[in-house]
Amino acid sequence: MEHTRWYKDAVFYQIWPRSFRDGDGDGLGDLWGVYEKLDYIRSLGVDGVWFSPLYPSPGVDCGYDISDYMDIAPEYGGMEAFRKVLDGAHERGMRVIMDLVVNHTSDEHEWFRKSRRRIEPYTDYYIWRPDPGKGKLPNNWDSNFEGKAWTFDQERGEYYLHLFAVKQPDLNMDNPLVRQEVKKILKFWLDMGVDGFREDVITYISKREGLPNDHLFPVYKGIRFYNHGPHVHEYLREFKAEVLDHYDCMTLAEAPLVSPKRALDYISEETGQMDMMIQFQCMCADCLFSDYFHMSFSLRRLKHAFSSWQRKLEGKAWNMLYLENHDHPRVISRYGSERYRVKSGKMLAAAYLFQKGTPFVYQGQEIGMTNWRPQDPELYEDVQTRWQYANTHLKDTPEKRLRRMWLASRDSARTPMQWSGEENAGFTTGKPWFSVNENYREINVAAAEEDPDSLLHFYRRAIALRKALPVVRHGSYREYHALSSRRYTYAREWEGERLLVLCSFSEKDIPLRIPGGFDLTKAELVLQNYADPDGKTLKPYETRVYHWAK
Ligand code: NOJ
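By convention here, each chain's residues receive numbers from 1 onward along its written sequence. Where totals are concerned, whole chains, interfaces and linings use all residues; where local detail is concerned, this predicted model gives features only for residues with pLDDT of at least 70, and gives and counts side-chain atom pairs only at 80 or more. Excluding hydrogens and water, the side-chain figures rest on all heavy atoms present in the structure.

1. Here's the deal with the overall build of the chain
Each helix and strand counted, the chain has 16 helices and 20 strands in total. Radius of gyration: over C-alpha atoms. The globule rule applied is 2.2 Å multiplied by the number of residues raised to the 0.38 power. Taking 24 Å as the expected radius of gyration for a compact globule of 550 residues, we find that the chain reaches 23 Å, a close match to that expectation. Burial statistics for the chain: of 550 residues in total, 63% are counted as buried. Contacts are assigned to residue pairs with any non-hydrogen atoms lying within 4.5 Å of each other. Within the chain, counting contacts between residues at least 6 apart in sequence, those at least 24 apart form 69% of the total. For the chain, the exposed surface amounts to about 21200 Å²; the carbon and sulfur share of it is 49%. For the chain, the separation between the mean place of its 75 positive charges and that of its 81 negative charges on side chains is 7 Å. Where helices and strands are cited, they refer to DSSP runs of H or I of at least four residues and of E of at least two residues respectively, numbered from the N terminus. To sort residues, take the accessible area from a 1.4 Å probe on protein chains only and compare it with the maximum for the residue type: under 20% means buried, over 50% means exposed, and anything in between is partly exposed. Residue burial considers only the protein chains on display, and all accessible areas are found by Shrake-Rupley using a 1.4 Å probe. The convention is simple: Lys and Arg are positive, Asp and Glu are negative, and His and the chain ends are not counted. Where a charge lies is defined by one atom per residue type, namely NZ (Lys), CZ (Arg), CG (Asp) and CD (Glu).

Structure, rendered in structure tokens:
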């Protein structure tokens, strides 16, 4: 089957189902709610939706702990609701991609229940190791969420590996039967009509033989032995050749700690096994590797991430562009300014939407939702946040510890979508499963629809422009003023058509600087976030997009 690479023309919207919209009044987001909002999603101009996991799950990691890969959770409306949403999306010209989480399952998955009892053929579906005794663990690896990566299972009398939560045992991908299961899952959903997959921590699926101790890394011990492991490309090639190549689908690899050079091993258009990659460098402009190692925001780090991915993938692979998802705090609270919420939200949108690649917008980003700031740590739901709070920086004051959570927690961006100023932000008529951000009376979709100057309308305009101007889809990328810590300037060029994007990351006025060779008198100002841009200054968080027709 020919791969048409349709995704290169697409803009995606990410739905984190629990918090998007509750259609049946039980307090939890569901697919009935999504169905109600399909026209809204389409109205943004997007043509694809990525669903975070919808499968049956105990919910320890909000669905990333799957107990059945071939079904839809009853609380989300089951298969019936999914079918309706899938058809409804397709009717509106939107593709649907699912989350494929096969590095690990839930410990409540039937495979694990059988594996712990050594029932064939499941005995080696997971990574088991005998108890070394004397209180020792099979190796010194850390889990990404909850302390060490090993937990002892009484029933089997052995340790199992879990790179994430205790209830997320890692699958043994070296076992051909496990790979057979993955191919079955891929086929099942593709045959149903889904258009592709976002593949969760897919670079972790192959572990170094012998699972050696890690004496190098002070944190995330073990990661160099399981990220980009020895057989990862072989297994991905197998999935591609045996299943994916037979469908006109798209695959998106989630890849922590990956450089553009390494990315090409996965997504090179000639030799790669997948289509695009979620890289984390653009999420590390205010932290080191992880949101929990917080630093002050550096525009230069952000620009470096943007530009090196643009440059190094050019002509070889296709970028996936994003500023938010369910794993990171809200971008206005991080890289913009809550004080200049709408202005900085627009500027951030322009900073990434006109780059080369396929942009993703995370629910709520388009209305400028900001970080949730609970006063009580008990309100956090996320397994990673709860572990971090209970186990790190214990000597700090409670205020400082809480602040650390706001800055880093994924829950900062997981509060219910703010639809209106009505009770519970119009998210549910029941009791919401999770706290609603108190700012919903001001920040919500209904208010944004009413206001022609809102961020929501800006997103619509920017996405429409992206689609209307071929230079955005095809053009080369060049950055200017790379050393500036206040401005981000980039240009695109294609067959004589040009685009220049100016972004100020400053709370103060800064001088307007136009790179040489761009004659503004011949350009059209196609997008802006101030009504009266002047010829001398960029105002706080100002953005402008100039276009030169062919
Ligand atoms: C990455 C997902 O995006 C995140 O939400 C999840 O907790 C981990 N992988 C583990 O599945």
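2. Side note on the sheet that holds strand β20 (residues 543–548)
Think of it this way: DSSP has to see at least two bridges between two strands before they count as a pair. With respect to topology, five strands assemble into an open sheet ordered β14-β15-β16-β20-β18, the strand pairing being antiparallel. At either end of the open sheet lies a strand with only one pairing partner, and these are β14 (476–480) and β18 (524–528). Pairs of neighbouring strands in the sheet enclose a mean axial angle of 20 degrees, with direction left out of account. Relative to strand β15 (residues 487–494), β14 runs antiparallel, the two being bridged by five bridges. Note that in β15 the partner of Tyr477 across the bridge is Arg492. As a rule, the C-alpha atoms of each element are fitted with a line to give its axis, helices using only the stretch in contact, and angles between N-to-C directions run from 0 to 180 degrees. Where helix α15 (residues 455–468) meets the sheet, it contacts β18 and β20, and its direction lies at approximately 140 degrees from that of β18.

3. Details of unusual backbone geometry
Backbone torsion omega between Glu120 and Pro121 reads 5 degrees, so that peptide bond is classified as cis. Mapped onto the fold, Pro121 is located in the loop between α4 (110–116) and β4 (128–130). The phi dihedral of Arg5 is positive, around 55 degrees, even though this residue is not glycine. Mapping Arg5 onto the fold places it in the segment before β1 (12–15). On the basis of relative accessible area, Arg5 is assigned to the partly exposed category, the value being 25%.

4. Some thoughts on the packing of helix α12 (residues 383–391) against helix α13 (residues 398–408)
A pair of packed helices can be characterised by two numbers: the angle between their axes and the separation between those axes. Orientation of α12 relative to α13, taken along the N-to-C sense of each, is 155 degrees, at an axis distance of 11 Å. Between α12 and α13, the angle falls in the class roughly antiparallel. For the pair α12 and α13, the crossing hand works out as right-handed. In contact with Thr385, Gln388, Tyr389 and Ala390 of α12, α13 contributes Arg401, Leu402, Arg404 and Met405. Every angle not falling under 35 degrees, over 145, or within 65 to 115 is termed oblique; those three ranges are roughly parallel, roughly antiparallel and roughly perpendicular. Take the far helix as your reference; a near helix turned counterclockwise from it by less than a right angle gives a left-handed crossing, and one turned clockwise gives a right-handed crossing.

5. Quick notes on helix α11 (residues 341–353)
Expected span of a helix: the number of residues minus one, times 1.5 Å. Its 13 residues place the ends of α11 18 Å apart at the C-alpha level, agreeing with the 18 Å of an ideal helix rising 1.5 Å per residue. Among the 13 residues in α11, 11 count as buried, and that is most of the element. Those residues of α11 that sit buried are Arg341, Ser344, Gly345, Lys346, Met347, Leu348, Ala349, Ala350, Ala351, Tyr352 and Leu353.

6. What to know about the packing of aromatic side chains
To pair, rings of Phe, Tyr and Trp, with the six-membered ring standing in for Trp, must have centres within 6.5 Å; the planes then decide the type, stacked if under 30 degrees apart, edge-to-face if over 60, and tilted in the middle. All chains considered together, the criterion is met by 37 aromatic pairs. Ring plane angle 90 degrees and centroid distance 5.7 Å describe the contact between Tyr480 and Phe518, whose orientation is recorded as edge-to-face. Taken as a pair, Tyr480 in strand β14 and Phe518 in the loop between β17 (510–511) and β18 lie far apart in primary sequence, 38 residues in all. This pair shows no difference in class: Tyr480 is buried, exactly as Phe518 is. Through a chain of ring-to-ring contacts, the aromatic side chains of Tyr55, Tyr69, Phe82, Trp111, Tyr122, Tyr125, Phe188 and Trp189 assemble into a single cluster. Here, a charge over a ring means that NZ of Lys or CZ of Arg falls within 6 Å of the ring centre while also lying within 35 degrees of the ring normal. Taking the ring centre of Trp6 as reference, the NZ or CZ of Arg95 above it sits at 4.1 Å. Taking the ring centre of Trp548 as reference, the NZ or CZ of Arg498 above it sits at 5.5 Å.

7. Points about the site of the ligand
Near is defined per residue: the residue qualifies when any heavy atom it owns lies within 4 Å of the molecule or strand. Taken together, Asp61, Tyr64, His104, Phe145, Phe164, Arg198, Asp200, Glu254, His326, Asp327, Arg410 and Arg414 make up the full set of residues adjacent to the ligand. Pairs of N or O atoms within 3.5 Å make up the polar contacts considered here, provided that, within protein, one atom can donate a hydrogen while the other can accept it, and that residues adjacent in sequence are counted only when both atoms are side-chain atoms. Contacts to the ligand include Asp200, whose side-chain N or O atom sits 2.7 Å from an oxygen atom. Taking Arg410, its side chain carries an N or O atom lying 2.9 Å from an oxygen atom of the ligand. The fraction of the free accessible surface of the ligand (300 Å²) that becomes covered by protein chains is 97%. Tallied by class, the residues present in the shell around the ligand amount to three nonpolar, two polar and seven charged. Where each domain starts and ends comes from a domain assignment, either automatic or drawn from a database. Counting only domains with at least three residues in the shell around the ligand, you end up with domain 1 (6–103 + 175–363 + 451–460) and domain 2 (104–172). Ten residue types, Ala, Val, Leu, Ile, Met, Phe, Trp, Tyr, Cys and Pro, are classed as nonpolar, four, Asp, Glu, Lys and Arg, as charged, and the remainder, Gly among them, as polar.

8. Here's the deal with the pattern of salt bridges
Salt bridges are counted wherever a side-chain nitrogen of Lys or Arg sits within 4 Å of a carboxyl oxygen of Asp or Glu. Enumeration according to the criterion identifies 46 salt bridges in this entry. Taking the shortest distance from any N to any O, the salt bridge between Asp200 and Arg198 comes out at 2.7 Å. Its relative accessible area of 7% is what places Asp200 among the buried residues. Connected through shared salt-bridge partners, Asp61, Asp327, Asp382, Arg410 and Arg414 make up one network.

9. Let's talk about the domain arrangement of the chain
As far as domains go, the chain holds domain 1 (6–103 + 175–363 + 451–460), domain 2 (104–172) and domain 3 (475–548). Relative placement of domain 2 and domain 3: their C-alpha centres are 53 Å apart.

10. Examining the packing of α11 against α15
Where α11 contacts α15, the two axes come as close as 10 Å, and the packing angle between them is 15 degrees. Looking at the two axes, α11 sits roughly parallel to α15. Between α11 and α15 the crossing geometry is right-handed. In this structure, α11 uses Val342, Gly345, Lys346, Ala349, Ala350, Tyr352 and Leu353 to contact α15, whose residues at the interface are Leu455, Phe458, Tyr459, Ala462, Ile463 and Arg466. Broken down by class, the residue content of the contact of α11 with α15 amounts to 10 nonpolar, one polar and two charged.

11. Quick notes on the sheet that holds strand β6 (residues 158–161)
Whether parallel or antiparallel, the strands of a sheet pair through hydrogen bonds between backbone atoms. Strands sit in the order β4-β6-β5 across an open sheet of three strands; the sheet is antiparallel. Two strands lie at the open edges of the sheet, namely β4 and β5 (150–153), each paired on one side alone. For this sheet, the mean inter-axis angle between neighbouring strands, taken without regard to orientation, is 35 degrees. With three bridges connecting them, β4 and β6 associate as antiparallel partners. Residue pairing in the sheet places Trp128 in a bridge with Tyr160 of β6.

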